[in-house]
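Results of the structural survey
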Protein chains: 2
Amino acid sequence: MPSPHTTTTVTDVTCGPIEGSSKQYRAVGGMRVPFRRIALTNGDHHDVYDTSGPYTEYPSADDVHDLRTGLPKTRDVWQRPAPVTQPDGGRASTQLAWARAGVVTDEMRYIAAREGFDPEFVRDEVAIGRAVIPANHRHPECEPMIIGKAFAVKVNANIGNSAVTSSIAEEVEKMVWATRWGADTIMDLSTGKDIHETREWIMRNSPVPVGTVPIYQALEKVKGDPTKLTWEVYRDTVIEQCEQGVDYMTVHAGVLLRYVPLAANRVTGIVSRGGSIMAAWCLAHHQESFLYTNFRELCEILRDYDVTFSLGDGLRPGSIADANDAAQFAELRTLGELTKIAKSYGVQVMIEGPGHVPMHKIAENVRLEEELCEEAPFYTLGPLATDIAPAYDHITSAIGAAMIAQAGTAMLCYVTPKEHLGLPNRDDVKVGVITYKIAAHSADLAKGHPGAQARDDELSKARFEFRWVDQFNLSLDPDTAREYHDETLPAEPAKTAHFCSMCGPKFCSMRISADVRAYAQEHNLVTQEDIDRQIAAGMDAKSDEFVAAGGKVYLPVVS
Amino acid sequence: MPSPHTTTTVTDVTCGPIEGSSKQYRAVGGMRVPFRRIALTNGDHHDVYDTSGPYTEYPSADDVHDLRTGLPKTRDVWQRPAPVTQPDGGRASTQLAWARAGVVTDEMRYIAAREGFDPEFVRDEVAIGRAVIPANHRHPECEPMIIGKAFAVKVNANIGNSAVTSSIAEEVEKMVWATRWGADTIMDLSTGKDIHETREWIMRNSPVPVGTVPIYQALEKVKGDPTKLTWEVYRDTVIEQCEQGVDYMTVHAGVLLRYVPLAANRVTGIVSRGGSIMAAWCLAHHQESFLYTNFRELCEILRDYDVTFSLGDGLRPGSIADANDAAQFAELRTLGELTKIAKSYGVQVMIEGPGHVPMHKIAENVRLEEELCEEAPFYTLGPLATDIAPAYDHITSAIGAAMIAQAGTAMLCYVTPKEHLGLPNRDDVKVGVITYKIAAHSADLAKGHPGAQARDDELSKARFEFRWVDQFNLSLDPDTAREYHDETLPAEPAKTAHFCSMCGPKFCSMRISADVRAYAQEHNLVTQEDIDRQIAAGMDAKSDEFVAAGGKVYLPVVS
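Predicted model, so just to flag it, every value in this text is computed and none were measured.

Secondary structure summary: chain A contains 20 helices and 15 strands in total. Looking at chain A residue by residue over its 559 residues, the buried ones come to 67%. Sequence separation of at least 24 residues holds for 72% of the intrachain contacts in chain A that already meet a minimum separation of 6. Counting every atom, chain A has about 17,600 Å² of accessible surface; 51% of that belongs to carbon and sulfur.

With that out of the way, let us pick up the packing of aromatic side chains. Residues and elements named next belong to chain A. Tallied over the entire structure, the rule returns 22 aromatic pairs over all chains. Ring centres of Phe-117 and Phe-151 lie 5.1 Å apart, and the angle between their planes is 75 degrees; this geometry places the pair in the edge-to-face category. Of this pair, Phe-117 sits in the loop between helix H2 (106-115) and helix H3 (119-127) while Phe-151 sits in the loop between strand E7 (147-148) and strand E8 (154-159), and the two are 34 residues apart along the sequence. What makes Phe-117 buried here is its relative accessible area of 18%. Plain terms: the ring middles of Phe-121 and Phe-151 are 5.7 Å apart, the flat faces sit at 55 degrees to each other, and that makes the pair tilted. One end of the pair, Phe-121, is in helix H3; the other, Phe-151, is in the loop between E7 and E8, and 30 residues separate them in sequence.

Let us now look at the pattern of salt bridges. Residue and element names in this part refer to chain B. Applying the stated rule across the entire model yields 72 salt bridges over all chains. Ionic pairing is found between Glu-107 and Arg-75, a salt bridge with its closest N-O pair at 3.0 Å. A residue pair is termed long-range when its members are at least 10 positions apart, and Glu-107 in helix H2 (residues 106-115) and Arg-75 in the loop between strand E3 (45-49) and strand E4 (84-85) qualify at 32 residues. Across the pair Lys-343 and Glu-374 runs a salt bridge, and its minimum N-O distance is 2.8 Å. Of this pair, Lys-343 sits in helix H11 (residues 326-344) while Glu-374 is found in the loop between helix H12 (362-372) and strand E14 (378-381), placing the two residues 31 residues apart along the sequence. The class for Lys-343 is buried, based on a relative accessible area of 10%. Note on Glu-374: relative accessible area 35%, which makes it partly exposed.

All names here are of chain A. Here we have eight strands rolled up into a closed barrel, ordered E8-E9-E10-E11-E12-E13-E14-E15, and parallel in their pairing. Sheet twist, expressed as the average angle between the axes of neighbouring strands with direction ignored, equals 25 degrees. Bridging between strand E12 (residues 308-311) and strand E13 (residues 349-353) involves three bridges; their strand directions are parallel. Looking at the pairing, Phe-309 lines up with Val-349 of E13. Sitting on the sheet, helix H11 (residues 326-344) is in contact with E12 and E13, with an inclination near 165 degrees to E13.

For the rest of this paragraph, the subject is the nonpolar core. Membership of the largest hydrophobic core comes to 256 residues, with the highest contact counts inside it found for Tyr-234, Leu-302 and Phe-309 of chain A together with Ile-186, Tyr-234 and Phe-309 of chain B. Setting aside its immediate chain neighbours within four residues, Tyr-234 of chain A contacts Pro-214, Ile-215, Ala-218, Thr-250, Val-251, Phe-290, Leu-291 and Leu-298 of chain A. Grouped together as the second largest cluster of nonpolar side chains are 14 residues, Ala-99, Phe-117, Val-122 and Ala-135 of chain B included.

All names here are of chain B. Note that Ala-452 resides in helix H15 (residues 452-464). Taking relative accessible area as the criterion, Ala-452 reaches 9% and is therefore assigned buried. As a C-alpha pair, Ala-452 and Val-48 span 404 residues in sequence and 9.7 Å in three-dimensional space.

All names here are of chain A. Of the two faces of strand E11 (residues 248-251), both are covered, the one formed by Tyr-248 and Thr-250 as well as the one formed by Met-249 and Val-251. The sheet contact formed by strand E10 (residues 210-212) and E11 spans two bridges and is parallel. Within the sheet, the bridge partner assigned to Thr-212 lies in E11 and is Met-249. Looking at chain direction, E11 and E12 are connected through four bridges and run parallel. Each bridged residue has a counterpart across the sheet, and for Thr-250 the counterpart in E12 is Ser-310.

Moving on, we get to H2 of chain A. Residue and element names in this part refer to chain A. Where burial is concerned, most of H2 is hidden: eight out of the ten residues are buried. Restricting attention to buried positions, one finds in H2 the residues Asp-106, Glu-107, Met-108, Tyr-110, Ile-111, Ala-112, Arg-114 and Glu-115. In this structure, the buried residues of H2 make contact with strand E2 (31-39), strand E3 (45-49), helix H1 (95-100), H3 and E8.

Our focus in this paragraph is the sheet that holds strand E2 (residues 31-39) of chain B. Residues and elements named next belong to chain B. Across the sheet, which stays open at both edges, the three strands sit in the order E1-E2-E3 with antiparallel pairing between neighbours. Every interior strand has two partners, whereas the edge strands, strand E1 (21-28) and E3, have only one. Averaged over neighbouring strand pairs, the angle between their axes works out to 40 degrees when direction is ignored. Where E2 lies against E3, five bridges are found, and the strand directions are antiparallel. When the bridges of E3 are listed, Arg-36 appears paired with Val-48.

A few words now on the packing of helix H13 (residues 393-406) of chain A against helix H14 (residues 426-447) of chain B. At their nearest, the axes of H13 of chain A and H14 of chain B sit 10 Å apart, and the two run at 40 degrees to each other. With respect to each other, H13 of chain A and H14 of chain B are oriented oblique. Crossing handedness for the pair H13 of chain A and H14 of chain B: right-handed. Between H13 of chain A, through Ile-395, Thr-396 and Ile-399 of chain A, and H14 of chain B, the contact on the second element is made entirely by Thr-435, Ile-438, Ala-439 and Ser-442 of chain B. Each residue belonging to the contact of H13 of chain A with H14 of chain B can be placed in one class, and the counts come to four nonpolar, three polar and no charged.

Turning next to the packing of H12 of chain B against helix H13 (residues 393-406) of chain B. Residue and element names in this part refer to chain B. One way to put it is that H12 packs onto H13 with a least axis distance of 9 Å and a crossing angle of 40 degrees. Viewed along their axes, H12 and H13 adopt a mutual orientation that is oblique. Both H12 and H13 take part in a crossing whose hand is right-handed. On the side of H12, the interface is formed by Ile-362, Asn-365 and Val-366, while H13 contributes Gly-400, Met-403 and Ile-404. Its residues placed into classes, the contact of H12 with H13 shows four nonpolar, two polar and no charged.

Moving on: unusual backbone geometry. Residue and element names in this part refer to chain A. Residue Gly-355 follows Pro-354 across a cis peptide bond; omega there is 0 degrees. Considering the arrangement of structural elements, one finds Gly-355 in the loop between E13 and helix H12 (362-372). With phi around 55 degrees, Asp-306 is a residue other than glycine that occupies positive phi space. In this fold, Asp-306 is placed in the loop between helix H10 (295-305) and E12. What makes Asp-306 buried here is its relative accessible area of 0%.

The rules behind these values
- Residues numbered from 1 in each chain as written.
- Chains lettered and ligands numbered in written order.
- Predicted model: local features only at pLDDT ≥ 70, side-chain atom pairs only at ≥ 80, totals over all residues.
- Heavy atoms only, no water.
- Helix = DSSP H or I, 4+ residues; strand = E, 2+ residues; numbered from the N terminus.
- Buried < 20%, exposed > 50% of the residue type's maximum accessible area, 1.4 Å probe, protein only.
- Contact = heavy atoms within 4.5 Å.
- Areas by Shrake-Rupley, 256 points an atom, 1.4 Å probe, with all protein chains shown as cover.
- Phe/Tyr/Trp six-rings, centres within 6.5 Å; stacked < 30°, edge-to-face > 60°.
- Salt bridge = Lys/Arg side-chain N within 4 Å of Asp/Glu carboxyl O.
- Pairing = 2+ DSSP bridges.
- Axes fitted to C-alpha atoms, helices over the stretch in contact; angles between N-to-C directions.
- Core = buried A, V, L, I, M, F, W, Y, C linked by side-chain atoms within 4.5 Å.
- Parallel < 35°, antiparallel > 145°, perpendicular 65-115°, else oblique.
- Left-handed = near helix turned anticlockwise from the far one by under 90°.
- Nonpolar A, V, L, I, M, F, W, Y, C, P; charged D, E, K, R; others polar.

Rendered as structure tokens:
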């Protein structure tokens, strides 16, 4: 496996624990499954899923991680089951092939422990193609994770330099930074120079699966002219990236020649880069897309590495006006056909989705995708619920993302405040990831994902009990929560004060409520049955008791 | 009418047009109905609803507005129809009374022109209580607006100083600032000193309806001890505020003594300030709430001024765990009874709603509210779709807000990034308002509000045609959109460049799509029928034509 060129110096990535947390591991059959433990001031703790890799193991932010050595190649020592013969006749060493053969892999066991499911359930979801485990054999540094509607909704963060701006060092830090805040996968969408080397640095240091869009690099190889692309250039690029360890690849094989005119009258035409590259090629050559005509050979290549297909929606809508139109759904139908082919080769598949969709048209996207693509995991970009708020598209799209995830989308591709305007910087990446963790978690709650609400309850209890530090540390972004609090009430005693800046010390609804509860507990009115019993017993209320207690609220008989 | 004390100097409010726009008025029967005209670089323009009052009329940001004179008392010269006898026997001069009597008021005509509806439709929605026009006779500076599910979803911004921080000057500027960015109403929730004077400055200078929660000021009058509250103190406070011109008032008359124990076992008890004040009072006195027992007298007072009830949800859930529980819905049932009483007095009513609600429990809130409260306009605070993201609660709540508005909520109370942590500053107010305009507009799109999509289409067209300046100016926040763009590509030529920083100049999906369309238009392939006709005619494609044209994409025959 190649190692990063030593000519590039990339050392400055963020290390050290997240405020109030410590990185921990759970031993599962010889494997170490990571999680993050949030310590609470009441002596308790709350554990959460962790995507941050070894970077948060360092005791302090002053520690320096040497990226040149790369992360430990943990998965290299795990069991790799024997290949399994596939419907197409070939043999596959993929999670899908093993799952269908009834084999529970180490990756499945790891994921089961990580998400709190039975390993057999994980295997079953992978076997029917409703979940994927993007884990290239050549990315042994990766901590396995699963993408599927039965599991916690996942978030992808796009990074990557462009022809205009940004450096390798910045992109590696963005990867570390994005996973620190909860990105479950990252996509390297670099389009400028040094694509191979940037990716190498990222691959060797990424604890999460890495996705790419190989057509971007192929286009660089033909000097940016889409009409010069050939299957051979593309195929060699795919192999190069498979060798490097890319875990999933976006392939716009559904942009067929006959669909292109369907996009001509759209308000925003074709907005997918990959989609427009392939449209330009098809039109120039008046031939069917080489991705489509060579799709079976592509399946064989991806199968060799267990790279997962992310079938791209090259004709996704780029505006509210174009949502759910003929072009979009024609392509989706083709992606459904390709899904069946890929699975017959034992290759894992997920399906990419929009884009820009008004709220009332969101559910239809999931329904159709599930119907046409055999419930392959849906992986959507937002969607943005309106077009009118550039600079706030992390928010316009979080609305759509939460709703589409509730409807069944398995992974959400984040959108940053810079969407449509520029390249995200480090701050934008964080805001994008946190915003999408909100959307994903909101959907987990709405879907009743086991255990999802525990964190909400823990934080709300902390809030109610004025445990400010716990409220900060239980939140998705402890640093910003604390900073905002301190803007109004900076003094350290305010963190333990039984009031906040909204009402001030004299009157506080939270405190009055706490008084209501304290009284109820003193009087054994803890459950609803207790209250009903007291009412039935006709216990008389003594209002002077309340006044005498100096303003403490007491619980009355229900009148 | 009292005028602001001249001892306080409040001069520094934001004036001047929004970037790329000019304030305009449409003459409607002697009235001047405001709107904002966005000039486009292609010579066209796009008009949008405007809430900013005369402040955006000033030609530049350097102009100084003298707040001491107050805004023009425009409505004082409008027609006021004769009072109408009500079911309770009294006589009412309210929009509801007139609407039910078949009278179309000037306010209704103004609103009809402002929103693009027929005046008779406006009257009808008000008559059946499905919409309210909060417009106190003593707030003649107000530009009338309507809150109802048939109309554009509205946004309220809360301002107000607290016992801990902020000054009168800051609060007045927050009002001007919030309405500049689109707040349809503001609520003055001041709890500290100078409540009366702060409100006076706000009332005399506010172009939008102002809401309050009178119990906050009443509490100040009894030195912050809820048990010392009396009906008389409260009533006098309400009259004082009615006289000042407050347009709608939150009244927590549904917090009944018998409901309080229902909140004792909640994760977050009673989080509404007004709710906990009344709970504390009920418990201390072991009497039914004086707001409930004196509700009819309150109706008579509000009727005299045409002040609209905003029946408060004092038992709203403060956490995901407490959503849609017995306490919340018991109170809602009582609010339904009070709605009928208020309407029998000819008083307009809207109903406040949660709070914190997971996505799958949102629709039930609207369904029940409409069933129990005769479709009185629903006015909700978010709701937050998860508890785990303090510092991002404008986003957690925008998800819930968009969904609840799609389901029928008429007005959304904004939430700022400081929610749960501190008092919003000027920047927070803007972020809160813009975020909620996104939620409201997304819901307008989903509900098919007439004309809502025109702005999305206009902006998307500008984006597709690389009219960067138009894209900025059509957005909800032109300043930030431009700033984000300039971070990556600051040079002025980049604003007219046919590329952006995402892909760089060499390759751009938008440009390729534009090429597809240009070709289609050159070849008369504009409508889908044109394309179908070409296909039917078997027009042969000439791929070399594309290559010869130097990379321009051409539209092929469908194969």
